[in-house]
Amino acid sequence: MTSTSYLDLSDGRSIAYRFTPGTGPVIVFLPGYMSDMAGSKAAALFEMARASGLPCLLFDYSGCGESPGDFADGTLTRWKQEVLALVAALETDEKIVLVGSSMGGWLMLMAGLALGDRLAGLVGIAPAPDFTEWGIPQMDKALLADGEILFEDNPYGPEPTPTHPGFWADGQANLMLEGEIAIDAPVRLLHGQRDPDVPFEISLKLAEKLRSADVQVTLIKDGDHRLSRDADIRLLLRTVAELVLPLAGPRAEGTPES
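- An unreviewed UniProt entry annotates the protein chain as Palmitoyl-protein thioesterase ABHD10, mitochondrial originating from Novosphingobium resinovorum.

If you want it as structure tokens, here you go:
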């Protein structure tokens, strides 16, 4: 995989990213909460794009993965700024396709709204908009409002998963499912019906709230939250390719380069 580079922001943040150039819309992968660009879905997308001559951008939010910083400072608003800064720094005027996993599916909506006409499409993988609202019990919300940090068992790693008061408050200020989401680009949502973390009904509700008429939801009956099995990743790659390749011209639609 392409080596890691860093984008330095004016406030001192340094954002780790990997980019492969190409022709057509830029595929930008947005990881989930406490995840990074080293995951299997991100790597598979990057390699598909590289082989097909498509541009693709992977990155780590500040405080995550290879990006320095304190995770406790992370918020959706802060990480959205980083997405937009990276896109602005690309030496291309191509449109953008955002692919968001779990929390990244919330972030892709926020960034997609900010991109306006430059947004070419969204692909959500178990998207989790508004999880600071529906995913946290009322008693725990009261603790967060009082400035306490919550810790939950982490089924994906040895360390407990923290929820910091600043992240929660910012999430509550950026709820998306309470009204129309003014995005008109095509949207594809993939969701496992055995997802223990984000109910698949969230994707159905999101489809209703999006203004776009071109929204498709694919439910994977035996799919979990991560959707990282070989079959799940093949579905993701096919979904992204079907959205991107028609916009990329004949070069990318041909046989992928080895």
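### Here we look at the layout of surface pockets
Consideration 1: Taken as a whole, the largest pocket spans an internal volume of roughly 1000 Å³.
Consideration 2: Lining of the largest pocket is provided by 34 residues; of these, Tyr-33, Ser-102, Tyr-156, Asp-197 and His-225 occupy positions nearest its centre.
Consideration 3: Those elements giving two or more residues to the lining of the largest pocket turn out to be helix H1 (40-52), helix H4 (131-134) and strand S8 (161-163).
Consideration 4: Considering each element in turn, the lining of the largest pocket owes the most residues, three residues, to H1.
Consideration 5: Classifying every residue of the lining of the largest pocket gives 14 nonpolar, 13 polar and seven charged.

### A word on the environment of Ala-185
Consideration 1: The topology assignment puts Ala-185 in the loop between helix H6 (165-172) and strand S9 (187-192).
Consideration 2: Assessed through its relative accessible area of 11%, Ala-185 is described here as buried.
Consideration 3: Between the C-alpha atom of Ala-185 and that of Asp-214, which follows or precedes it by 29 residues, the distance is 7.2 Å.
Consideration 4: Those residues within four positions of Ala-185 in sequence are excluded, and the remaining contacts are Leu-119, Ala-120, Gly-121, Ser-212 and Asp-214.

### Here we look at the packing of aromatic side chains
Consideration 1: In the structure shown here, the tally under the stated rule is nine aromatic pairs.
Consideration 2: Look at Phe-71 and Trp-79: their rings are 5.9 Å apart centre to centre, the planes differ by 40 degrees, and that puts the pair in the tilted class. Residues Phe-71 and Trp-79 agree in their burial class; the two are buried.
Consideration 3: Taken together, a centroid distance of 6.1 Å and an interplanar angle of 50 degrees make the contact between Trp-79 and Phe-167 tilted. Residue Trp-79 is located in helix H2 (residues 76-89), and its partner Phe-167 is located in helix H6; the two are separated by 88 residues in the primary sequence.

### Comments concerning the packing of H2 against H6
Consideration 1: Running from N to C, H2 and H6 point in directions that differ by 75 degrees, and their axes come no closer than 8 Å. With respect to H6, the element H2 is oriented roughly perpendicular. Contact residues: H2 offers Leu-76, Thr-77 and Trp-79, while H6 offers Phe-167, Asp-170 and Gly-171.
Consideration 2: Considering only residue class, the contact of H2 with H6 consists of three nonpolar, two polar and one charged.

### Quick notes on the pairing of strand S5 (residues 96-101)
Consideration 1: Judged by how many residues are buried, S5 sits mostly within the fold: six of six residues are covered.
Consideration 2: Neither face of S5 is open: one carries Ile-96, Leu-98 and Gly-100, the other Val-97, Val-99 and Ser-101, and all of them are buried.
Consideration 3: Alignment of strand S3 (residues 26-30) against S5, held across five bridges, turns out to be parallel. Each residue of the ladder has a partner; that of Leu-30, found in S5, is Gly-100.
Consideration 4: One ladder, built from six bridges, connects S5 with strand S6 (residues 119-125); its direction is parallel. Counterpart to Gly-100 in the pairing with S6 is Gly-124.
Consideration 5: In this fold, the crossover linking S5 to S6 by way of helix H3 (residues 103-115) has right-handed handedness.

### Describing the nonpolar core
Consideration 1: By size, the foremost hydrophobic cluster in this structure holds 44 residues, and its most contacted members are Val-28, Leu-30, Leu-98 and Leu-109.
Consideration 2: Mapped by element, the contributors of at least two residues to this core are S3, strand S4 (56-59), H2, S5, H3, S6, S9 and helix H7 (201-209).
Consideration 3: Not counting residues within four places of it along the chain, the set of residues in contact with Leu-98 comprises Val-28, Leu-30, Met-108, Ala-111, Gly-112, Leu-115, Leu-119, Gly-121, Leu-122 and Val-123.

### Section: the side chain of Lys-41
Consideration 1: Its place among the elements puts Lys-41 in helix H1.
Consideration 2: This buried residue, Lys-41, is left without a salt bridge; Asp-224 holds the nearest opposite charge, at 7.6 Å.
Consideration 3: Contacts of Lys-41, omitting those with residues within four sequence positions, involve Phe-29, Ser-101, Ile-125, Arg-226, Leu-227, Ser-228, Ile-233 and Leu-236.

Criteria and thresholds
- Residues numbered from 1 in each chain as written.
- Predicted model: local features only at pLDDT ≥ 70, side-chain atom pairs only at ≥ 80, totals over all residues.
- Heavy atoms only, no water.
- 1 Å grid on protein atoms, 1.4 Å probe; cavity = no way out; pocket = protein on both sides within 12 Å on 5 of 7 lines; lining within 4 Å.
- Points joined across faces, edges and corners; volume = space filled by probe spheres on them.
- Helix = DSSP H or I, 4+ residues; strand = E, 2+ residues; numbered from the N terminus.
- Nonpolar A, V, L, I, M, F, W, Y, C, P; charged D, E, K, R; others polar.
- Buried < 20%, exposed > 50% of the residue type's maximum accessible area, 1.4 Å probe, protein only.
- Contact = heavy atoms within 4.5 Å.
- Phe/Tyr/Trp six-rings, centres within 6.5 Å; stacked < 30°, edge-to-face > 60°.
- Axes fitted to C-alpha atoms, helices over the stretch in contact; angles between N-to-C directions.
- Parallel < 35°, antiparallel > 145°, perpendicular 65-115°, else oblique.
- Pairing = 2+ DSSP bridges.
- Right-handed = clockwise from strand over helix to strand, strands pointing away.
- Core = buried A, V, L, I, M, F, W, Y, C linked by side-chain atoms within 4.5 Å.
- Lys, Arg positive; Asp, Glu negative; His and termini not counted.
- Salt bridge = Lys/Arg side-chain N within 4 Å of Asp/Glu carboxyl O.

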